[in-house]
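# Chains, contacts and geometry: an overview
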Protein chains: 2
Amino acid sequence: MKKRILLISLLALLSQGICLAQPNQTKAVEDFKPSSVNQQGKQFPQVNSERRVRVSISAPEALKVQLDIGGVKYDMVKDDKGVWTGESAPQDEGFHYYQLNVDGASVPDQGTKYFYGAGRWGSGIEIPATDQEFYALKDVPHGLVSENTYFSKITNSFRRCFVYTPAGYEKDAKTRYPVLYLQHGSFEDETGWASQGKANLILDNLIAAGKAVQMIIVMDNGYAYKPQSGETNGRLASAFEEVMIQEIIPMIDAKFRTIADREHRAIAGLSMGANQTMRIIMNNLGKFASYGGFSGTSNYPSSDEIDPATFLDGKFKDGAALNKQLKIFWLGLGTKEPKPFPGSVGAFRKMLEKQGIKYVYYESPETAHEWLTWRRDLNEFAQRLFK
Amino acid sequence: MKKRILLISLLALLSQGICLAQPNQTKAVEDFKPSSVNQQGKQFPQVNSERRVRVSISAPEALKVQLDIGGVKYDMVKDDKGVWTGESAPQDEGFHYYQLNVDGASVPDQGTKYFYGAGRWGSGIEIPATDQEFYALKDVPHGLVSENTYFSKITNSFRRCFVYTPAGYEKDAKTRYPVLYLQHGSFEDETGWASQGKANLILDNLIAAGKAVQMIIVMDNGYAYKPQSGETNGRLASAFEEVMIQEIIPMIDAKFRTIADREHRAIAGLSMGANQTMRIIMNNLGKFASYGGFSGTSNYPSSDEIDPATFLDGKFKDGAALNKQLKIFWLGLGTKEPKPFPGSVGAFRKMLEKQGIKYVYYESPETAHEWLTWRRDLNEFAQRLFK
């Protein structure tokens, strides 16, 4: 009992220390629990009921240690054993990338599993969401996520995709399945959707509940460039569309038991991936019948009115024809997304409406340009596919 | 040209600086190249032809930064931009875990991909090996590595295994395959063999060259404990054998197209995994016919003479009977392994010889208790399996 009182006093002092360093913070509620994406056995980082993040790192000789999350750096406080502890202001629900700063060095927190985002493998934290059941790991039949390495002639390099096959795929050797091609955002990679995106768990849960049909999901890397001969000036042109159409789809159709027609093939992506996949479907309506754009459109970053005669080479000119060809045209956005996303998605929607093109629009409540928005998007979008 | 001279002078100065900090080091040969397991686009860490490791990190306000590799800490030197650089003495060929130390904080190097070892996700470096072709990523047919999540009733928890299925498994829906159960070492997990172990690439290459038969490889987590009721005293008893026999094998045989008999089932492991899997096969000779022990035996850590009447409940008492039951009994060890491994493996071999038990013994040249030893072990062992 004495120990507990001592601990509470210590934590109270610690909170005061942090308050001094961050005068705008009020005292944190002391119900912190380890984050669900911590490395096994690690007690920190932690999250409390206010959705604050508390981190801890041993750095006895450091002069200054900070928690860097959501674009804000929070000073941490050292105890007499050289352990620094600190916490953030309340965060949005869902998954966030973050890092620590030790005397000017930006480093991952050794407490968490690592995720690829912001162009590097780094720490992540999970703030429990009110609707987290839809992506929770449950005792339902689980599909497999396979790592599939292949050589691309177009890029002259080895590439990799992850392929989700639904539970039962391995047992029943005859059934063929529709396929969703699902892309990550900028500075992310092919690992994102089945890791921080929880695409496999979302589909496992939807399929177990009878809310989505069994489908294969292919998650590849949206960065693809041809080998360069001689000097290059500026940015390389993306070869991703060529790789998708000429290499990935034929490989998936050969290797997996797919239904290889446009009605049973969908393509979706988030942010940069939404932009890329919109171009891909509009250039290849013979290959895909359904599209999902999560927090992104091909007019990004512009909020200007779109002229359908010229936008994407006039691909949205004939609304009536598109309504016949497109089974699902789906757009999603978080209510807290920053500029320029609300403006560019808004301008795109106005163009669709002007053209009389049918589409579904979903808003993720209280989330920004982050993974809980995209998990919810996939959860909503997947329920409509291939029906 | 001037730039190059400046660069060389700068690097020469830098090397001298490092020499001062580490007086026993001679000047490094300046042919450093980025490590093959770096994150995409990252120039550091690097390795030179002497097998030295050079690391670099920006930490402008730090007082002391060190490279911690192979049990030795090397001081790094700060330039006028706050970037610290330093290098190690020559390392053994193969894969090594390492970390950086910034003012007392042990942190991963942001330049590398991360690997689970030493009980945490951390940095790794690949020192090119003279025989690296056997585990190189080549343009041969590649199998899939699937992440397979399941609920274990014995441990009352979700567990995970990675399953390698050879190239062609997806296409040919009728062929059934033998299975190798392959285990990691202590403070490692189910990700080790298909990541730093390169088990999938080793098998892809062996199968493509016609040196190994097509097989499934199952890589699970060797840590398994039953839920505890009430107070526990000391270490928990492992439930891994129960999980393997009662849950993992039936699940794999149900989910994948296996040949589900002892002749087509092998089990192997490294270090702790060698110890565990030896116990499992000896307790379950009706389930497995072949065994591989990489850098470990069940008499670990003792080098004392083994009494077959009592060792593992007398399981090695009847050598003649074992020779009829065991198709392959295989042991491997690196020539540079530290105590107690040479002693305990040596004592075990003496016991086998005394009992007249046939076995294969392989020594990996110039490697210690590390992953190049185990890659070579798998490469040698897999060629003998299921033939």
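Quick notes on the rules
- Counting starts from 1 at the beginning of each chain's written sequence and moves along it residue by residue.
- Just so you know, chain letters begin at A and ligand numbers begin at 1, following the order they were written in.
- Predicted model: local features are reported for residues with pLDDT of at least 70 only, side-chain atom pairs are reported and counted for 80 or more only, and whole-chain, interface and lining totals are derived from all residues.
- Excluding hydrogens and water, the side-chain values take into account all heavy atoms of the structure.
- What counts as a helix is a DSSP run of H or I of at least four residues, what counts as a strand is a run of E of at least two, and both are numbered from the N terminus.
- C-alpha atoms define the radius of gyration, and 2.2 Å times the number of residues to the power 0.38 defines the globule rule.
- Note on classification: 1.4 Å probe, protein chains only; a residue is buried when its accessible area is under 20% of the maximum for its type, exposed when over 50%, partly exposed between these limits.
- Two residues qualify as a contact provided that any one of their heavy atoms is within 4.5 Å of a heavy atom in the partner residue.
- Accessible surface is estimated by sampling points in the Shrake-Rupley manner with a 1.4 Å probe; for residues, cover comes only from the protein chains shown.
- We score Asp and Glu as negative and Lys and Arg as positive, and we do not count His or the chain ends.
- A charge is said to be at NZ when it belongs to Lys, at CZ for Arg, at CG for Asp and at CD for Glu.
- Buried area, as used here, totals the accessible surface that two parts lose on assembly, with accessibility defined by a 1.4 Å probe and the loss added over both.
- We count a salt bridge whenever a side-chain nitrogen from Lys or Arg sits within 4 Å of a carboxyl oxygen from Asp or Glu.
- Polar contact is defined as a pair of N or O atoms within 3.5 Å, subject to the rule that within protein one atom must be able to donate a hydrogen and the other to accept it, and that residues adjacent in sequence are counted only when both atoms are side-chain atoms.
- In this count, Pro and Cys sit with the nonpolar residues alongside Ala, Val, Leu, Ile, Met, Phe, Trp and Tyr, while Asp, Glu, Lys and Arg are called charged and the others, Gly among them, polar.
- Any two strands between which DSSP finds at least two bridges are classified as paired.
- The copies are overlaid by a least-squares fit using only the C-alpha atoms of residues whose pLDDT is at least 70 in both copies.

For the rest of this paragraph, the subject is the overall build of chain A. Within chain A, the regular secondary structure consists of seven helices and 19 strands. Taken over the C-alpha trace, chain A has a radius of gyration of 23 Å; the compact-globule value for 387 residues is 21 Å, and the two agree within 12%. Along the first, second and third principal axes, the C-alpha atoms of chain A reach 75 × 50 × 45 Å. Per-residue burial for chain A yields a buried fraction of 57% across its 387 residues. Sequence separation of 24 or more characterises 70% of the internal contacts of chain A that already satisfy a separation of 6 or more. Total accessible area on chain A is roughly 16400 Å²; 52% of this is exposed by carbon and sulfur atoms. Computed over 46 positive and 44 negative side-chain charges, the separation of the two mean positions in chain A equals 3 Å.

Contact with chain B, which involves 47 residues of that partner, is made by 47 residues of chain A. Counting the surface lost from both chain B and chain A, the interface buries some 4000 Å², and carbon and sulfur atoms represent 58% of this. The interface formed by chain B and chain A includes zero salt bridges. Where chain B packs against chain A, one counts nine residue pairs in polar contact (both at pLDDT 80 or more). Going through the elements one at a time, strand S3 (53-58), strand S8 (94-102), strand S9 (105-107), strand S10 (114-117), strand S11 (120-127), strand S12 (144-152) and helix H3 (240-255) of chain B are the ones with two or more residues in the side of chain B that touches chain A. Among the elements that take part in the side of chain B that touches chain A, S12(B) stands out by supplying seven residues, more than any other. Residue classes in the side of chain B that touches chain A are distributed as 21 nonpolar, 14 polar and twelve charged. Pairing of strand S12 (residues 144-152) of chain A with S12(B), which is carried by three bridges, proceeds in the antiparallel orientation. For A:Ser146, the partnering residue across the bridge sits in S12(B) and is B:Ser146.

Further remarks concern the sheet that holds strand S6 (residues 77-78) of chain B. Two pairing modes exist for strands in a sheet, parallel and antiparallel, and in both the strands are linked by backbone hydrogen bonds. Read from one edge of the open sheet, five strands run S1-S2-S3-S7-S6 (chain B), paired in antiparallel fashion. Strand pairing shows two members of the sheet lacking a second neighbour, strand S1 (33-34) and S6 of chain B, which therefore form its edges.

Expressed as a screw operation, the relation of chain B to chain A combines 0.0 Å of axial shift with a rotation of 180 degrees, fitting to an RMSD of 0.0 Å. This pairing of chains is accounted for by a two-fold axis. If distances are taken from each C-alpha of chain B to the rotation axis, the shortest is found for B:Ser146, at 2.0 Å. A shared binding surface is used by both copies, with 100% of the interface residues of chain B retained as interface residues in chain A.

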